[in-house]
Amino acid sequence: MTATPAIPASFDEARPRGGLLAGLLSSDMPRSRALSFILIAIVLVLALTPFLFSGSQPLSTAAKICVFIVLVASYDLLLGYSGIVSFAHTMFFGIGGYGIAIGLEKLGADWGSAAIGLVAALCTSAILAIAIGLLSLRVRAIFFSMITLAVASAMAVLASQMSGITGGEDGLSFQLPYALRPAFRPFAEPVFGVMINGRIVAYYLLFFVAMGMFLLMLRIVNSPFGRVLQAIRENEFRAEALGYRVVAYRTAASVISALAATVAGALLALWLRYNGPDTTLSFAIMIDILLMVVIGGMGTMYGAIIGAALFVLAQSYLQVLMEAGSKALAGIPLLPNLIHPDRWLLWLGALFVISVYAFPGGIVGRLRQGKRN
Amino acid sequence: MSEPLLRLQDVHTHIGPYHILHGVTCDIPAGQLTMLLGRNGAGKTTTLRTIMGLWRASSGSIRFDGRDITRCSTPSVAQGGIAYVPESMAIFTDLTVRENIVLAARSGPVDSARLDWMLGLFPALKRFWNLPAGNLSGGQKQMLAIARAIAEPRRLLLVDEPTKGLAPVMVRSMIEAFRALKEAGETILLVEQNFYAASALGDNVLVMDDGRIVHSGAMSDLVADQALQQRLLGLSLDAHQ
Amino acid sequence: MTDITAETTAPTELPRTKTDWMPLALVPALALLALPFIGSPSAWVTLTVAGLAMGMMIFLMASGLTLVFGLMDIINFGHGVFISLGAYATLLVLGPLAGWGAADSVGLNLALLLLCIVTAMAVTGIVGAVFERVIVRPVYGSHLKQILVTMGGLIVTEQAIHALWGASPIPIRLPETLRGAFVIGDIVMERYRVVAVGIGLLVFLGMQLLLNRTRIGLLIRAGVENPEMVEALGYRIRRLFVSVFVAGSALAGLGGVMWAFYRQTLTAGMGMEVMVLVFIVIIIGGLGSVGGCFVGSILVALVANYVGFLAPKLALISNILVMALVLIWRPQGLFPVARR
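All values derive from a computational prediction rather than experimental measurement. (Residues numbered from 1 in each chain as written. Chains lettered and ligands numbered in written order. Predicted model: local features only at pLDDT ≥ 70, side-chain atom pairs only at ≥ 80, totals over all residues.)

A few points about the overall build of chain B
Thought 1: Looking only at helices and strands, chain B has 11 helices and 10 strands in total.
Thought 2: Along the three orthogonal principal directions, the C-alpha set of chain B runs to about 45 × 40 × 40 Å.
Thought 3: The buried share of chain B, taken over its 241 residues, is 46%.
Thought 4: A separation threshold of at least 6 residues defines the contact pool for chain B, and within that pool the share at least 24 residues apart is 70%. (Helix = DSSP H or I, 4+ residues; strand = E, 2+ residues; numbered from the N terminus. Buried ≥ 20, exposed ≤ 12 C-beta atoms within 10 Å, placed from the backbone. Contact = placed C-beta atoms within 7 Å.)

Right, here's the structure in full:
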């Protein structure tokens, strides 16, 4: 594999850009041995989860990681590559979820309804993203952040109030197309000792769509369009002076990112067979996305994979660890409270703050730097 | 001879990636009006801002009244007795004329004799005393900016292009005001593009080019020497007649 | 050029003083406009008082934020946590002094409220100073980092509140005599709301006096417009900024206390919930303008209350709409602050 270069670092840079892998990754290599190793490990584990672990918990964790890879990468496109801080990302995530949920619930559990729901969601997202972009990307960055926050929270309230369509606070539960249901058995015999069922089919649908979306976004940020976005991020006035229409580029970035978030929302809804305000629209998820993108590494794309994997694992398993620690410290005032399993976010928050100061490139930046030294 | 009021020694200033001042060395003697001339981009404004500590000198030294102020923060430079009138004038438009002056007098109320003297220099300010400074015309704003600098006695005034964009009639009254300030014994370093104004006022002259002082001497010598003018200032002479 | 020459030819002409009445007229116009829709005058009075009370609370929470922004070009997305913190700080007082709240004495009740306010302002002021030092100071100049890092500060502080006071909502009781309502004819005004309006007005007047009549106020106003020039006049703007940041945090704490008694439930997220309105208010008012913040707060709260009465589902959307309309009318907000 060329992604684990055994050759000296300088050689790595000079290697001719080509080959299948370079093509897949749009010549944007991880550029660090440790990073390549971690990425390959994550992707391999994700690809083989149904065969490596038994039970539904690991599979759900892996599915969640896949969804968040897309969601976080799409946010990185906005934050890391375009320098836009939007708090409306969960809104698009939610639209995707509701698109699938409403489609499958109202139109019947088949692929056609899912497609109609998804397309409707994508259109809604695109229109909203264009509207927000045109209205507020010309104002100062800080205004934009505040406006997106306000719009997103208004949308969340609206979604929970239009209970006739969205199911309100309770959300919508729905049936999946037959091929994705647990009862579906494509093979009569177990494959590598695992009986393939509709859940596993659904998982692979998520996995491959997520990887496809990720590679697509990697391609976008490495395209001429992506370079212009970065030029705008670095110096808006210079880019404008060079003749680039800054608002148009930024709006386009917002739309692409919104569409990808919509797909992520659709995937999550397919996996959960449910969508509600708390699973896709809440501000808490927005904060999670921020944590993932910053800790993973802004403006690196690969940071999305690492951030999502780390965060979802922490969410699922760090609490177990902390519970043990908390019990061990029982009796000491306050300290058990601080490592109470519910306080895991406290520590990730602290890590987040330290990330912004000390290593703005997040884990990916850190690993790449380590290689250079 | 004792040390001049202000002495710059080989001052270099970088702004971001740009090297603006390439070793400025000059003396500003007390009680005189020194003109700082030079074409656009020569580094005049940067020199003033570096003295004020608004840009940090990357090397060299600035001594004011025998004290090294190179590394001083802007407020302590100002507290040391240097007043600054930037090119943008930077008056506070939301504040009234009175409030602008009150703010400039750090140590308390302006004493009435000084106030009368100041308003004598700039009578227009008296009329607009309690109006927001934003309502003033360009020339009046410039007057307010200078009045603010002299609201309390200061050791040195740094004034950046006070006649820029003003109508001829305003330029003349500005020159009168500076003449009066000179007579009152103020030490002034005045950046000017307008050679007419400069030659009417200056005791000494410094000419900058490309981040360096390329000439320093008495104003009268420069006025007398046409060839030197031509060499140092080139076209800028004619452009501002 | 032309106006300068005009000035020299007609020197006696005074420059006009622009008083911007339009945004100020917006509030009574809105209130009057709502009257026919609501129909019953008594309901209208109740709603208007409720709106004013809510507006005052939002103003308390927003004013500090807008000043900090104006003065140092720093936006604190974690401001909401001071609201929550102020609300939780009331527990420090309400616990030991529960008797004062239960007593049927206006004096004791108000003293308790006052004590809550003082405690909350002290706590949020101190935490604000730490927040400024640890979270905000290293990221001057970069808005992107400011937004991120203050968000991080919000997460950590919110979690710290959970660690200290637990994660479940805590009910609190309004002091006895502040419960219930004043009834005049068929007009019903909840007592606590009237008190909230009073406190809000007092703080607003106090701020106006401070800003317009004192040297520190002059410095703040000047600093909002041109911090560099304030330094060049010999003032240390850093010190000024830290005090405004601390005062802004303390005001958020005060707003938090008022908000807590209004909701009578404490949650760590309550600050962030109301921050949405605070942001809308700051945008409407014009970043950095205290007067705009005041008008914006009342406007937003009145709209929220009227629409909440007429079409409850549209309450929050209506505020987005108000914001959009104001921005179309005046892209810099109602009272744009002149900058540099």
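Observations concerning the overall build of chain A
Thought 1: Tallying secondary structure elements over chain A gives 18 helices and 2 strands in all.
Thought 2: Radius of gyration (C-alpha) of chain A: 21 Å, near the 21 Å computed for a compact globule of 373 residues.
Thought 3: Projecting the C-alpha coordinates of chain A onto the three principal axes gives extents of approximately 55 × 55 × 45 Å.
Thought 4: Looking at chain A residue by residue over its 373 residues, the buried ones come to 47%.
Thought 5: Long-range contacts, defined here as pairs at least 24 residues apart, represent 72% of the contacts in chain A between residues at least 6 apart. (Rg over C-alpha atoms; globule rule 2.2 N^0.38 Å.)

Focus on the domain arrangement of chain B
All names here are of chain B.
Thought 1: For chain B, the domain assignment lists domain 1 (28-55 + 72-81 + 155-241) and domain 2 (91-153).
Thought 2: Using C-alpha coordinates to define each centre, domain 1 is positioned 22 Å away from domain 2.
Thought 3: Each partner contributes to the interface: domain 1 provides 9 residues, whereas domain 2 provides 8 residues.
Thought 4: For the side of domain 1 that touches domain 2, the class distribution of residues is 8 nonpolar, 1 polar and no charged. (Domains from an automatic or database assignment. Nonpolar A, V, L, I, M, F, W, Y, C, P; charged D, E, K, R; others polar.)

A short note on the environment of V183 of chain C
Residues and elements named next belong to chain C.
Thought 1: Along the polypeptide, V183 turns up in strand 2 (residues 181-184).
Thought 2: By the C-beta count within 10 Å, which is 10 here, V183 ends up exposed.
Thought 3: Spatially, the C-alpha atoms of V183 and F245 are 40 Å apart, while their sequence positions differ by 62 residues.

Details of the interface of chain C and chain A
Interface size is often expressed as the accessible area that is lost when the parts come together.
Thought 1: Across the contact, 30 residues belong to chain C and 34 residues belong to chain A.
Thought 2: The set of elements that each furnish at least two residues to the side of chain C that touches chain A consists of helix 7 (143-165), helix 12 (270-285) and helix 14 (315-329) of chain C.
Thought 3: When residues of the side of chain C that touches chain A are assigned to their parent elements, the largest contribution, 15 residues, is made by helix 7 of chain C.
Thought 4: A class-by-class count of the residues in the side of chain C that touches chain A yields 23 nonpolar, 5 polar and 2 charged.

Side note on the confidence of the model for chain B
Regions with low pLDDT should not have their predicted coordinates read in detail.
Thought 1: Averaged over every residue, the pLDDT of chain B is 88; the share at 70 or more is 96%.
Thought 2: Every residue in residues 236-241 of chain B scores below 50 in pLDDT, and together they form 10 contacts with partners more than four places removed in sequence or on other chains. (pLDDT = per-residue confidence, 0-100.)

Topic: the interface of chain C and chain B
Thought 1: At the interface, 23 residues of chain C touch 30 residues of chain B.
Thought 2: At the level of elements, helix 1 (2-9), helix 9 (215-225) and helix 10 (227-232) of chain C are the ones that each hand at least two residues to the side of chain C that touches chain B.
Thought 3: Across the side of chain C that touches chain B, the residue classes break down as 10 nonpolar, 5 polar and 8 charged.

Some details on the confidence of the model for chain A
Thought 1: Confidence in the prediction for chain A averages 85 pLDDT; 92% of positions are at 70 or higher.
Thought 2: A low-confidence stretch, residues 1-16 of chain A stays under pLDDT 50, and its non-local contacts, those more than four residues away or across chains, total 15 contacts.

Quick look at the sheet that holds strand 1 (residues 6-15) of chain B
Residues and elements named next belong to chain B.
Thought 1: Strands sit in the order 2-1-4-5 across an open sheet of 4 strands; the sheet is antiparallel. Bordering the open sheet on either side are strand 2 (18-28) and strand 5 (67-68), each of which pairs with just one other strand.
Thought 2: Across 2 bridges, the pairing between strand 4 (residues 57-64) and strand 5 is antiparallel. Bridge pairing links R63 to D68 in strand 5. (Pairing = 2+ DSSP bridges.)

With respect to the packing of helix 3 (residues 33-52) of chain A against helix 4 (residues 56-82) of chain A
Residues and elements named next belong to chain A.
Thought 1: Where helix 3 meets helix 4, the closest approach of the two axes is 9 Å, and the angle between their N-to-C directions is 155 degrees. Taken together, the axes of helix 3 and helix 4 lie roughly antiparallel to each other. The hand of the helix 3/helix 4 crossing is left-handed. Residue-level contacts link L46, T49 and P50 of helix 3 to P58, L59, A62, I65 and C66 of helix 4.
Thought 2: Class assignment of the residues belonging to the contact of helix 3 with helix 4 gives a composition of 7 nonpolar, 1 polar and no charged. (Axes fitted to C-alpha atoms, helices over the stretch in contact; angles between N-to-C directions. Parallel < 35°, antiparallel > 145°, perpendicular 65-115°, else oblique. Left-handed = near helix turned anticlockwise from the far one by under 90°.)

Considerations on unusual backbone geometry
Thought 1: Its identity as a non-glycine residue notwithstanding, M89 of chain B has a phi of 70 degrees, on the positive side.
Thought 2: Relative to the helices and strands, M89 of chain B resides in the loop between strand 6 (82-85) and helix 3 (97-104).
Thought 3: On the neighbour-count criterion, M89 of chain B (22 C-beta atoms within 10 Å) is buried.
Thought 4: Although it is not a glycine, Q264 of chain C sits at a positive phi angle of roughly 60 degrees.
Thought 5: Position of Q264 of chain C relative to the elements: it lies in the loop between helix 11 (237-263) and strand 4 (265-266).

Let's talk about the sheet that holds strand 9 (residues 204-209) of chain B
All names here are of chain B.
Thought 1: Read across the sheet, 6 strands follow the order 6-7-8-3-9-10 without closing on themselves; strand pairing throughout is mixed. Looking along the sheet, the strands with just one partner apiece sit at the ends: strand 6 and strand 10 (212-218). On average, adjacent strands in this sheet sit at an angle of 15 degrees to one another, irrespective of strand direction.
Thought 2: As defined by bridge partners, strand 7 (residues 156-160) adjoins strand 8 (residues 188-191) across 4 bridges and the pair is classed as parallel. The residue bridging D160 from the neighbouring strand is V191, located in strand 8.
Thought 3: Sitting on the sheet, helix 6 (residues 138-149) is in contact with strand 6 and strand 7, with an inclination near 170 degrees to strand 6.

Quick word on the arrangement of the chains
Thought 1: Among the 2 pairs of chains that make contact, the interface with the largest number of contacts is formed by chains A and C.
Thought 2: A minimum C-alpha distance of 14 Å separates chain A and chain B, which share no contact.

As for the pairing of strand 2 of chain C
Residue and element names in this part refer to chain C.
Thought 1: Summarising the sheet, strand 2 and strand 3 (residues 187-190) pair through 4 bridges and their orientation is antiparallel. Across the sheet, the residue bridging to A181 is E190, located in strand 3.
Thought 2: Between the end of strand 2 and the start of strand 3, which pair antiparallel, lie 2 residues, with G185 showing a positive phi angle near 60 degrees.

Topic: helix 10 (residues 224-234) of chain A
Residues and elements named next belong to chain A.
Thought 1: For helix 10, the set of buried residues is G226, L229 and I232. One side of helix 10 holds all its buried residues, which, seen down the axis, span an arc of 115 degrees. Facing away from the buried side of helix 10, by more than 90 degrees, are the exposed residues P224, R227 and E234.
Thought 2: Packing partners of the buried residues in helix 10 comprise helix 4, helix 9 (198-221), helix 11 (236-241) and helix 12 (246-272). (Arc of directions from axis to C-beta.)

With respect to the pairing of strand 4 of chain B
Residues and elements named next belong to chain B.
Thought 1: Where strand 1 lies against strand 4, 6 bridges are found, and the strand directions are antiparallel. When the sheet's bridge partners are listed, H12 is paired in strand 4 with S59.
Thought 2: Between strand 4 and strand 5, which follow one another and run antiparallel, lie 2 residues, and D65 among them has a positive phi close to 55 degrees.

Observations concerning the packing of helix 4 of chain A against helix 14 (residues 283-296) of chain A
Relative orientation and spacing of two packed helices are given, respectively, by the angle between their axes and the distance between those axes.
Residues and elements named next belong to chain A.
Thought 1: At a closest axis distance of 9 Å, the pairing of helix 4 and helix 14 adopts a crossing angle of 70 degrees. Regarding the angle of helix 4 to helix 14, the classification is roughly perpendicular. Along the contact surface, helix 4 presents F68, L71, V72, Y75, D76, L79 and G80, while helix 14 presents I289, M292, V293 and G296.

Quick look at the nonpolar core
Thought 1: Ranked by internal contacts, the top residues of the largest apolar core, which has 319 residues, are V67, I69 and V70 of chain A together with L158 of chain B.
Thought 2: At 20 residues, helix 3 (residues 41-72) of chain C tops the list of elements feeding residues into this core.
Thought 3: If you count residues domain by domain, this core takes at least three from each of domain 1 (28-55 + 72-81 + 155-241) and domain 2 (91-153) of chain B.
Thought 4: Look past the residues within four positions of I69 of chain A in its chain and what remains in contact with it is A210, F214, A304, I305 and A308 of chain A. (Core = buried A, V, L, I, M, F, W, Y, C linked by C-beta atoms within 7 Å.)

Here's the deal with the environment of G101 of chain C
All names here are of chain C.
Thought 1: By secondary structure assignment, the location of G101 is in helix 5 (residues 98-102).
Thought 2: Each C-alpha atom, one on G101 and one on I220, is 38 Å from the other, the two residues being 119 residues apart in sequence.
Thought 3: Beyond its immediate sequence surroundings of up to four residues, G101 is in contact with L94, N109, L112, R173, P175 and E176.

Details of the environment of M323 of chain C
Thought 1: Mapped onto the elements of the fold, M323 of chain C is located in helix 14.
Thought 2: Taking the C-alpha atoms as reference points, M323 of chain C and R215 of chain C, separated by 108 residues in sequence, lie 34 Å from one another.
Thought 3: The contact partners of M323 of chain C, leaving out residues within four places of it in the chain, are A150 of chain A together with I280, I283 and I284 of chain C.

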